[in-house]
Amino acid sequence: MSRLTQFGNDLYTGQRSFDFVGRRNTWYLIAVIVVILAIGLTALRGGFVFGIEFRGGSEFRVQSTSVVEQGTAAATAIADEAVASVVPDANPRVSIVGGDSVRVQTEQLTPAQTEEVRAALAEAYGVAESDVSSSFIGATWGADITRQALIALVVFLILASLVLAVYFRTWKMSLAAIIALFHDLIITAGVYGVFGLEITPAAVIGFLTILGYSLYDTVVVFDKVRENTNEDGAESRRTFAQSVNLAVNQTLVRSINTSIVAVLPTASILFIGSLLLGAGTLRDIALALTVGTIVGTYSSIFLAAPLYVHLRQNEPEVKKQGTRPRVTRTESGAVR
């Protein structure tokens, strides 16, 4: 039997155990620090950077330009100068898409300014004006998209909390899972805020997707928690906290393996989309999925289960279990 298999078996049988629940104050402190950093650093940078789909504005695409071969910096500098020659205070956002095209986003311009910028970009990049496309998104449409995204998030959280409460027959499991979800969402969104990455509709889809993944991983852990605690009769030597901790250890290998299997393809998409294809949509959704999957796995193990114990620690039945002779272990790991 391989060492990894033996390690998993030892965790499942309780011969080996990590004290996730007993050290819950440490995990709470780490979570609070990371959340504060995510919010604080995002605020210091001036808040989130929303894509043109949310804030509205004008967009130009320069097709098949050889300037891209000189690097992103050169392509960006040319676009900045071309736009500034028409609208000095436009502050364009420039990115490479599709490997050989340049995308330029600005605040919403007038029709006359749009045509002048198109001509300036065509001249600057040495292409025909027909190779420079332009479009704009109104601020009203962007505000509507933002509202719909927030509504979708709120509806998701409400339905998820209700389903969990009904499934596990306790609101405390549901509350612990939702708190872990907020932790995942804040940290994943914080990565975008701290590094000044644009939040686009693709990124929002990624946020909602990783919330579903985090719930799945938490449900796996809580299912085992319910199984262990239901087995604890009057003769059981495990306390409630020990039963929950055993459940986390029993599902630890599964959670890690599931996370690795989920992260590998999303990380590959992130690498291919960002470095090889320059596809913004692939990069946005893959980054949210990669970060969210890792954070979701962490919260299921280190936050959700310990929070559930914390919420139930003052219940009479749980206090009664705490007075039982506790399971102890010898130096070799054997139970006595």
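Residues numbered from 1 in each chain as written. Predicted model: local features only at pLDDT ≥ 70, side-chain atom pairs only at ≥ 80, totals over all residues. Heavy atoms only, no water.

**A few points about the pattern of salt bridges**
For the structure on display, the rule yields five salt bridges. Note that Arg 93 and Glu 198 form a salt bridge whose closest N and O atoms lie 2.9 Å from each other. Of this pair, Arg 93 sits in strand S3 (residues 93–97) while Glu 198 is found in strand S6 (residues 198–199), placing the two residues 105 residues apart along the sequence. (Salt bridge = Lys/Arg side-chain N within 4 Å of Asp/Glu carboxyl O. Helix = DSSP H or I, 4+ residues; strand = E, 2+ residues; numbered from the N terminus.)

**A short note on the nonpolar core**
Counting 53 residues, the largest nonpolar core has Phe 207, Phe 222 and Val 225 as the members making the most contacts within it. When contributions to this core are tallied by element, the ones reaching two or more residues are helix H2 (24–44), helix H6 (139–168), helix H7 (171–194), helix H8 (201–231), helix H9 (240–276) and helix H10 (280–312). By residue number, the principal contributor to this core is H10, which donates 14 residues. (Core = buried A, V, L, I, M, F, W, Y, C linked by side-chain atoms within 4.5 Å. Buried < 20%, exposed > 50% of the residue type's maximum accessible area, 1.4 Å probe, protein only.)

**Here we look at the packing of aromatic side chains**
Going through the model one piece at a time under the given rule, you end up with 11 aromatic pairs. Between Trp 27 and Phe 302 the ring centres are 4.7 Å apart and the planes differ by 75 degrees, which places this aromatic pair in the edge-to-face class. Here the residue Trp 27 occupies a position in helix H2, and Phe 302 occupies one in helix H10, the gap between them amounting to 275 residues. Accessibility expressed as a relative area gives 19% for Phe 302, which makes it buried. The rings of Phe 18, Phe 20, Trp 27, Tyr 298 and Phe 302 are connected pair by pair, giving a single aromatic cluster. A cation sits over an aromatic face here: Arg 226 above Tyr 167, 4.8 Å from the ring centre. (Phe/Tyr/Trp six-rings, centres within 6.5 Å; stacked < 30°, edge-to-face > 60°. Lys NZ or Arg CZ within 6 Å of the ring centre and 35° of its normal.)

**Describing the pairing of strand S2 (residues 57–62)**
Summarising burial for S2: five of the six residues are buried, a large majority. When S2 meets strand S5 (residues 132–137), the two strands line up antiparallel, connected through six bridges. Counted as the bridge partner of Phe 60 is Ser 134 from S5. The sheet contact formed by S2 and strand S4 (residues 101–106) spans five bridges and is antiparallel. Looking at S4, one finds that Arg 61 is bridged to Arg 103. (Pairing = 2+ DSSP bridges.)

**Things to note about a nonpolar patch on the surface**
A contiguous nonpolar patch, built from Ile 151, Val 154, Val 155, Ile 158, Leu 159 and Leu 162 and spanning about 520 Å² of accessible area, is present on the exposed surface. Relative to the helices and strands, Leu 159 is located in helix H6. (Patch = residues over 30% accessible without salt bridge, like charges linked within 9 Å, V, L, I, M, F, W, Y side chains within 5 Å. Areas by Shrake-Rupley, 256 points an atom, 1.4 Å probe, with all protein chains shown as cover.)

**Some details on H2**
With 21 residues, H2 extends 30 Å between its outermost C-alpha atoms, agreeing within 8% with the 30 Å of an ideal straight helix rising 1.5 Å per residue. For H2, every residue scored as buried is listed here: Arg 24, Trp 27, Tyr 28, Ala 31, Val 35, Ala 38 and Thr 42. Buried residues of H2, viewed axially, fall in a sector of 105 degrees; they line one side. Those residues of H2 that are exposed and aimed more than 90 degrees away from the buried face are Asn 25, Leu 29, Ile 36 and Leu 44. (Expected span 1.5 Å × (residues − 1). Arc of directions from axis to C-beta.)

**Looking at the layout of surface pockets**
Left-over empty space is what a probe sized like a water molecule reveals as it rolls over the atoms. Approximately 440 Å³ is the volume attributed to the second largest pocket. What lines the second largest pocket is a set of 20 residues, and nearest its centre among them are Leu 150, Leu 153, Leu 185, Ala 189 and Phe 207. Elements that contribute at least two residues to the lining of the second largest pocket include exactly H2, H6, H7 and H8. The greatest single-element share of the lining of the second largest pocket, amounting to five residues, is contributed by H7. In terms of residue class, the lining of the second largest pocket is made up of 17 nonpolar, three polar and no charged. (1 Å grid on protein atoms, 1.4 Å probe; cavity = no way out; pocket = protein on both sides within 12 Å on 5 of 7 lines; lining within 4 Å. Points joined across faces, edges and corners; volume = space filled by probe spheres on them. Nonpolar A, V, L, I, M, F, W, Y, C, P; charged D, E, K, R; others polar.)

These figures come from the coordinates and say nothing about function on their own.
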